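Read off the chains here:
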Amino acid sequence: MKKQPGWALPDLKEAQKRTNAEAHIEKNLFQIPEQIKMLGQGKKYYLRTYGCQANERDSETLAGILEEMAFTPCDNPEDADFILLNTCAIRKNAEDKVLGELGSLKRLKREKPDIVFGLCGCMAQEEEIVETLLEKYRHVDLIFGTHNIHRLPELLYQVMMNGKRSVEVLSKEGDVIENLPVRRFGKHKAWVNIMYGCDKFCTYCIVPYTRGKERSRTMEDVLDEIRTLKQEGFKEVTLLGQNVNSYGKDLHIEGGFAKLLEETAKIGIERIRFTTSHPWDFSDEMVDVIAQYDNIMPFIHLPVQSGDSDVLKLMGRRYSIEQYKTLFHKIEEKIPGCAISTDIIVGFPNETKEQFQHTLDLVDECKFDNAFTFIYSPREGTPAARMEDNIPLEEKQERLQQLNERWNKYALEKNLAYIGKTVKVLVDGPSKKNKDIYSGYTDTNKLVNFVRKDAEPGDIVEVKITDAKTFSLDGEQL
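This section reports on the structure supplied with the text. (Residues numbered from 1 in each chain as written. Predicted model: local features only at pLDDT ≥ 70, side-chain atom pairs only at ≥ 80, totals over all residues. Heavy atoms only, no water.)

**Overview of helix α10 (residues 284-292)**
Part 1: Turning to α10, its buried residues are Met-286, Val-287, Val-289 and Ile-290. In a view along the axis of α10, the buried residues occupy a sector of 165 degrees, so they form one face of it.
Part 2: On its buried face, α10 sits against α9 (256-267), β13 (271-275), β14 (299-301) and α12 (321-334). (Buried < 20%, exposed > 50% of the residue type's maximum accessible area, 1.4 Å probe, protein only. Helix = DSSP H or I, 4+ residues; strand = E, 2+ residues; numbered from the N terminus. Arc of directions from axis to C-beta. Contact = heavy atoms within 4.5 Å.)

**A look at a negative patch on the surface**
Part 1: Taken together, Asp-11, Glu-127, Glu-128, Glu-131, Glu-135 and Glu-380 make up a surface patch of like negative charges.
Part 2: Assignment of secondary structure puts Glu-131 in helix α5 (residues 127-136). (Patch = residues over 30% accessible without salt bridge, like charges linked within 9 Å, V, L, I, M, F, W, Y side chains within 5 Å. Areas by Shrake-Rupley, 256 points an atom, 1.4 Å probe, with all protein chains shown as cover. Salt bridge = Lys/Arg side-chain N within 4 Å of Asp/Glu carboxyl O. Lys, Arg positive; Asp, Glu negative; His and termini not counted. Charge placed at Lys NZ, Arg CZ, Asp CG, Glu CD.)

**With respect to the sheet that holds strand β12 (residues 236-240)**
Sheets are built from strands paired through backbone hydrogen bonds, the pairs being either parallel or antiparallel.
Part 1: The three strands are arranged β9-β12-β13 in an open sheet whose pairing can be described as parallel. Of all strands in the sheet, those bounded by a partner on one side alone are β9 (189-193) and β13. Geometrically, the sheet is characterised by an average inter-axis angle of 25 degrees between neighbouring strands, direction not taken into account.
Part 2: The pairing of β12 with β13 spans five bridges and is classified as parallel. When the sheet's bridge partners are listed, Thr-238 is paired in β13 with Arg-273.
Part 3: The strands touched by helix α2 (residues 53-68) are β9, β12 and β13; relative to β9, the strand with the most contacts, the crossing angle is about 95 degrees.
Part 4: Helix-sheet contacts for α9 involve β12 and β13, and the interaxial angle to β13 is about 155 degrees. (Pairing = 2+ DSSP bridges. Axes fitted to C-alpha atoms, helices over the stretch in contact; angles between N-to-C directions.)

**Quick look at the packing of aromatic side chains**
Part 1: For the coordinates displayed, the defined rule picks out nine aromatic pairs.
Part 2: Centre to centre, the rings of Phe-257 and Phe-274 are 5.3 Å apart; their planes meet at 75 degrees, and the pair counts as edge-to-face. Taken together, the residues span a long stretch of sequence, with Phe-257 in helix α9 and Phe-274 in strand β13 at a distance of 17 residues. For the pair formed by Phe-257 and Phe-274, the shared burial category is buried.
Part 3: Ring centres 5.1 Å apart and planes at 70 degrees place the aromatic pair Phe-348 and Tyr-376 in the edge-to-face group. With Phe-348 in the loop between β15 (339-346) and α13 (353-366) and Tyr-376 in the loop between β16 (370-375) and α14 (393-416), this residue pair connects regions lying 28 residues apart in the sequence.
Part 4: Members of the aromatic cluster, joined through ring pairs, are Tyr-204, Phe-348 and Tyr-376.
Part 5: The residue whose ring lies beneath Lys-421 is Tyr-418, and the NZ or CZ to ring-centre distance is 5.8 Å. (Phe/Tyr/Trp six-rings, centres within 6.5 Å; stacked < 30°, edge-to-face > 60°. Lys NZ or Arg CZ within 6 Å of the ring centre and 35° of its normal.)

**Some remarks on the sheet that holds strand β2 (residues 44-49)**
Part 1: Taken in spatial order, the six strands make up an open sheet running β3-β2-β4-β5-β6-β7, and their pairing is parallel. The open sheet has two edge strands with one neighbour each: β3 (72-73) and β7 (166-168).
Part 2: The pairing of β2 with β3 spans two bridges and is parallel. Within the sheet, the bridge partner assigned to Lys-44 lies in β3 and is Thr-72.
Part 3: Packed on one face of the sheet, α5 meets β5 (116-121), β6 (140-144) and β7 and runs near 165 degrees to β6.
Part 4: Against the sheet, helix α6 (residues 152-162) makes contact with β4 (82-87), β5, β6 and β7, and its axis sits at roughly 160 degrees relative to β6, the strand it touches most.

**Some points on the side chain of Thr-342**
Part 1: Mapped onto the fold, Thr-342 is located in strand β15.
Part 2: Of the residues examined, Thr-342 reaches a relative accessible area of 0% and is grouped as buried.
Part 3: Among the polar contacts listed, one links the side chain of Thr-342 to the backbone oxygen of Leu-302, at a separation of 2.8 Å.
Part 4: Those residues in contact with Thr-342, other than ones at most four positions away along the chain, are His-301, Leu-302, Pro-303, Val-304, Tyr-324, Phe-368, Asn-370, Ala-371 and Phe-372. (Polar contact = N/O pair within 3.5 Å; in protein donor to acceptor, adjacent residues only side chain to side chain.)

**Side note on the pairing of β5**
Part 1: Summarising burial for β5: six of the six residues are buried, a large majority.
Part 2: Across the two faces of β5 the burial is the same, with Val-116, Gly-118 and Cys-120 and Phe-117, Leu-119 and Gly-121 all buried.
Part 3: Across three bridges, β5 lies against β6 in parallel orientation. By the bridge assignment for β6, Gly-118 is matched with Leu-142.

**A short note on the pairing of strand β20 (residues 460-468)**
Part 1: Bridge count between strand β17 (residues 422-430) and β20: five bridges; the pairing is antiparallel. Each bridged residue has a counterpart across the sheet, and for Val-423 the counterpart in β20 is Val-463.
Part 2: Of the pairings in the sheet, the one linking β20 to strand β21 (residues 473-477) comprises five bridges and is antiparallel in character. Within β21, the residue paired with Ala-468 across the bridge is Leu-473.
Part 3: The hairpin turn running from β20 into β21, its antiparallel successor, is four residues long.

**Quick notes on the layout of surface pockets**
Part 1: By volume, the second largest pocket is sized at about 770 Å³.
Part 2: Forming the boundary of the second largest pocket are 31 residues, of which Ile-177, Glu-178, Asn-179, Leu-180 and Tyr-196 lie nearest the centre.
Part 3: Of all elements in the fold, only α2 and α8 (219-231) reach the threshold of two or more residues within the lining of the second largest pocket.
Part 4: Among the elements that make up the lining of the second largest pocket, the one with the highest residue count is α8 (five residues). (1 Å grid on protein atoms, 1.4 Å probe; cavity = no way out; pocket = protein on both sides within 12 Å on 5 of 7 lines; lining within 4 Å. Points joined across faces, edges and corners; volume = space filled by probe spheres on them.)

**Here we look at empty space enclosed by the protein**
Part 1: Here the structure, examined in full by the defined rule, presents one cavity of 30 Å³ or more.
Part 2: Its volume calculated, the largest cavity comes out at about 60 Å³.
Part 3: Lining the largest cavity, in full, are Ala-54, Asp-58, Asn-193, Met-195, Tyr-196, Arg-211, Gly-241 and Gln-242.
Part 4: Of all elements in the fold, only α2 and β10 (195-196) reach the threshold of two or more residues within the lining of the largest cavity.

Here's what the structure looks like:
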């Protein structure tokens, strides 16, 4: 791959570095240079997002910036003048999906030579991926990473006005950029970034390399955003971070995330959620605050990854399975009715059948409400990728099937207990198949499909549960 003048290419070794320097917080009002402001006039953009809520929130900023440049959104790539894929690098199959999509959209370049293709997000932070894009996907005109979303106007201008590829991926600890435009994709639920990056360096995970060091927004900036959302009529906010429990450590905020949760609750917005929690940092103060405030939802996503302490050590997870169980039961005891979901990886290098059995034993003990389960796949550049991936795929698939059967059984049991109960549901809207059936979520994050009487999207209504399935509840609006 021949580097062109002006290109900034990713470097995983640089991305791994951590210093004691405080992150720079940029609060100047975002401004688009005068000559770029109308770049999108008469043009449409198509934005597709892969991956987690953090990527979705980034896409709201990308959309906000593009619309300030006079672009209008469209739902079909065939109608677009600019196609931008905001990508995820957490698993290999996520990357394969993006590359497949890029390949299938290549025909549009032949039909519309002026169309611009862009790729951003976590995949752009990986050396191997950028190399592949530059060599094999020559129709991709613009590549930028997770640290320089605010540079989109200048980068896109270079491509559209100069007709040359633009590559700018910064491998660094990262900054906090405030006051960027945003176009919220929802009207009643909103994501709010409270921090960026991760310093945990779990051995299988690429996120600390793609997202940079842990860096918090100031508490006042977060709370101001939530106050504005409440004034705009939003009913629910989800506080976002790669590890929300670490919030405030870098800014030396006393009480950290527990304090932020409490101050958010006092604003009075109807529903507060947060994701994702690392068990290592889950303090007693956090448990107490969640228990104390009715508008902090009794639902916690608490990734365990494995039920065996030796495997957890290999994963770099920093807790034993005994410590995880102690935390789990403390939450159950102090927050009655709290629903808990988790993440589990099967087939991590050297995981024995006995160690996998410990994971099944954990599921039997905790009876999770929901679980996101994955077969281990190595991520280039992580420590685990250097381990021998010594469990046959067939064995991994068998373990995944056993695990899914086990946790599905308990998820159904938990849901069956809702039959006959009345729950409060924040309404998302009508079903695509039946306009009389609406759906939404309970405080415990259960999906409810219900027969509507007068509910409208954004309402919080009472629904009597009449039936239960593994992944959803059925009911009637009272």
